[in-house]
Amino acid sequence: MELTGKKIVLGLSGGVACYKAAELCRGLTKEGASVQVVMTDAATHFITPVTMQALSGKSVFTDQWDPRVPNNMAHIDVTRDADAIVIAPCSADFIRKLAHGACDDLLSTLCVARPRHVPLLAAPAMNVEMWTNPATQRNVQQLREDGIHILGPAAGAQACGEVGMGRMLEPADMLEEIVAAFQPKVMAGKRILITAGPTFEPIDPVRGITNLSSGKMGYAVARAAREAGAEVTLISGPTALATPHGVHRVDVQTAQQMMDAVNQAITGQHVFIAVAAVADWRVANPSTQKVKKTEGGTPHIAFEQNPDILATIAARTTLAGHPYCVGFAAESENLLEYGAAKRERKGIPLLVGNIGHHTFGQDDNTIVLFDEQGHTILPRADKLTLARQLISEISKRINKHSLFQ
Ligand code: CTP
């Protein structure tokens, strides 16, 4: 539960995307948040307050003159203990109101009346022409300058039948963004390149050699880095995982393709985190056609060495503009001894060790950080929690790194 104890005001303005706000409300409560829904009159034409009341477990505010608040000041009371206000969907007209500080209904008034420390997140939802209209863009720019977080919008098919920018983010992406809003921005302005997942080395067009890495840890590190404010590129071997919202993902299969993709993306990166379980060897000459069973015989597969991606990038650290390199090590025994030795062998300042069969495919893990000072154990936790701790540890260390001085 990512939002336990958080009080969120969920404001709906008018738009078809109100149906997504219903699912978002459910998602917020499932993550432990207490949600107070406030709807504009237009929003009530798209979805009823009854639905939102059932999903949030609280009666909904729609009226500035609602007598239920003892002092009759709902615009003040609703936000005083809020941790965040989320406007989803945020219509073109509501963006205009926010940009101009309008106070002509309960939702707009409480946005203006909110305490300055309460973050305001707005998820625009409108037709593509409305979104690209210069007046809307001027207002959105004003919101950004005023410190309002703009979530999305996304591009795609719209309810009106047109296609383009203006769709409200999907509820799952909204949820990730809202969770991210509560994370410290220790990597703001940083670019981070991450490898994740297994690699797949073909034997022939239908067979290959891979390993048990699920990619969960690499994807959690990518999400944590993005939550911390970084611009994140994730180079991923084959996995079944969804891309963390806001992360740029490049898919590869083989170690060589991963090496090529890393080489292409590495310039300008501040941090490189190699989480992928890269195959050390590949088949020397994979068959272009399916290898057939022959009477009594078994195929002879010859191997050749793959490039060591992490060691290659770490070796560039003598060049100007090098990234801070972090490696992972999956060992099956002697973790403390092998981890420390591997960090030195790879020539990197920080290595994260874990026991292979305890981590592959699992949701929880225990990790050990190896640096020049020795080692630190991060106790067992889910991978996202560990990933956030790791990002925080890296942020402390990169301040001492030459590139950041
Ligand atoms: N790594 C890499 N390229 C490779 C092999 C490993 O970038 N060809 C990276 C991994 O992403 C990880 C680190 O190196 O960050 C350590 O990987 P691991 O497989 O534990 O180590 P190896 O160097 O392969 O050593 P060994 O298998 O002998 O333990």
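Small disclaimer: the values here were computed from a predicted structure and weren't measured.

Participant: I keep staring at the site of the ligand and nothing clicks. Help me out?
Facilitator: By nearness alone, 15 residues border the ligand, and Ala274, Ala276, Phe328, Lys342 and Lys346 come closest of all. Ala274 places a polar main-chain atom, nitrogen or oxygen, 2.6 Å from an oxygen atom of the ligand. In the model, a nitrogen atom of the ligand is placed 3.0 Å from a nitrogen or oxygen of the Ile309 main chain. Isolated, the ligand exposes 570 Å² of accessible area, and the fraction of that covered by the protein chains is 79%. Looking at the shell around the ligand, the elements with two or more residues in it are helix H11 (309-315), strand S16 (324-331) and helix H12 (335-346). Sort the elements by how many residues they give to the shell around the ligand and S16 lands first, with four residues. A class-by-class count of the residues in the shell around the ligand yields nine nonpolar, one polar and five charged.

Participant: Help me understand the side chain of Thr79, please; the structure alone is not making it clear to me.
Facilitator: Position of Thr79 relative to the elements: it lies in helix H3 (residues 74-80). Thr79 sits in the buried class, given a relative accessible area of 0%. At 2.9 Å, the side chain of Thr79 and the side chain of Arg80 are in polar contact. Those residues within four positions of Thr79 in sequence are excluded, and the remaining contacts are Ile85, Leu110, Ala113, Arg114, Pro115 and Val118.

Participant: Teacher, can you tell me more about unusual backbone geometry here?
Facilitator: Most of the time, phi is negative for any residue but glycine, and the peptide bond is trans. Here the amide bond leading from Ala88 into Pro89 is cis, since omega sits at 0°, within 30 degrees of zero. Note that Pro89 resides in strand S3 (residues 84-90). In this structure, Pro153 follows Gly152 across a cis peptide bond, with omega equal to 0°. Tracing the backbone shows Pro153 in the loop between strand S5 (149-150) and strand S6 (154-157). Of note in this structure, Asn72 is not a glycine but carries a positive phi near 60°.

Participant: Mind showing me how you'd approach the sheet that holds strand S1 (residues 7-12) here?
Facilitator: Two pairing modes exist for strands in a sheet, parallel and antiparallel, and in both the strands are linked by backbone hydrogen bonds. On the basis of which strands lie adjacent, the open sheet formed by five strands has the order S2-S1-S3-S4-S5 and parallel pairing. Only two strands of the sheet have a single neighbouring strand rather than two, namely strand S2 (34-39) and S5. Here two bridges tie strand S4 (residues 120-124) to S5, and the two strands are oriented parallel to one another. Directly across from Ala122, in S5, lies its bridge partner Ile150. Contacts from helix H8 (residues 171-181) reach S1, S3 and S4 within the one sheet, and its direction differs from that of S4 by about 160°.

Participant: What exactly am I supposed to notice about the UniProt feature "domain: Flavoprotein" (unreviewed entry) in the protein here?
Facilitator: Following the UniProt record, one finds the feature "domain: Flavoprotein" (unreviewed entry) at residues 6-180. Here residues 6-180 runs as 41% helix and 20% strand, with 13 Å between its end C-alpha atoms.

Participant: I would appreciate a short explanation of the sheet that holds S16 in the present structure.
Facilitator: A sheet is described by the order of its strands in space; here eight strands give the open sequence S12-S11-S8-S13-S16-S17-S18-S19, paired in mixed fashion. The open sheet has two edge strands, strand S12 (248-251) and strand S19 (374-382), and neither has a second partner. Averaged over all adjacent pairs, the angle separating strand axes in this sheet is 20°, with direction ignored. Bridge analysis of S16 against strand S17 (residues 350-355) gives six bridges, and the strand direction is parallel. By the bridge assignment, Ala329 is partnered in S17 with Gly353. Across the sheet, helix H14 (residues 383-398) lies against strand S13 (271-274), S16, S17, strand S18 (364-371) and S19, angled at about 150° from S19, the strand it touches most.

About the criteria used
Residues numbered from 1 in each chain as written. Predicted model: local features only at pLDDT ≥ 70, side-chain atom pairs only at ≥ 80, totals over all residues. Heavy atoms only, no water. Near = heavy atom within 4 Å. Polar contact = N/O pair within 3.5 Å; in protein donor to acceptor, adjacent residues only side chain to side chain. Areas by Shrake-Rupley, 256 points an atom, 1.4 Å probe, with all protein chains shown as cover. Helix = DSSP H or I, 4+ residues; strand = E, 2+ residues; numbered from the N terminus. Nonpolar A, V, L, I, M, F, W, Y, C, P; charged D, E, K, R; others polar. Buried < 20%, exposed > 50% of the residue type's maximum accessible area, 1.4 Å probe, protein only. Contact = heavy atoms within 4.5 Å. Pairing = 2+ DSSP bridges. Axes fitted to C-alpha atoms, helices over the stretch in contact; angles between N-to-C directions. UniProt positions renumbered as here; feature names shortened; annotations may be inferred.

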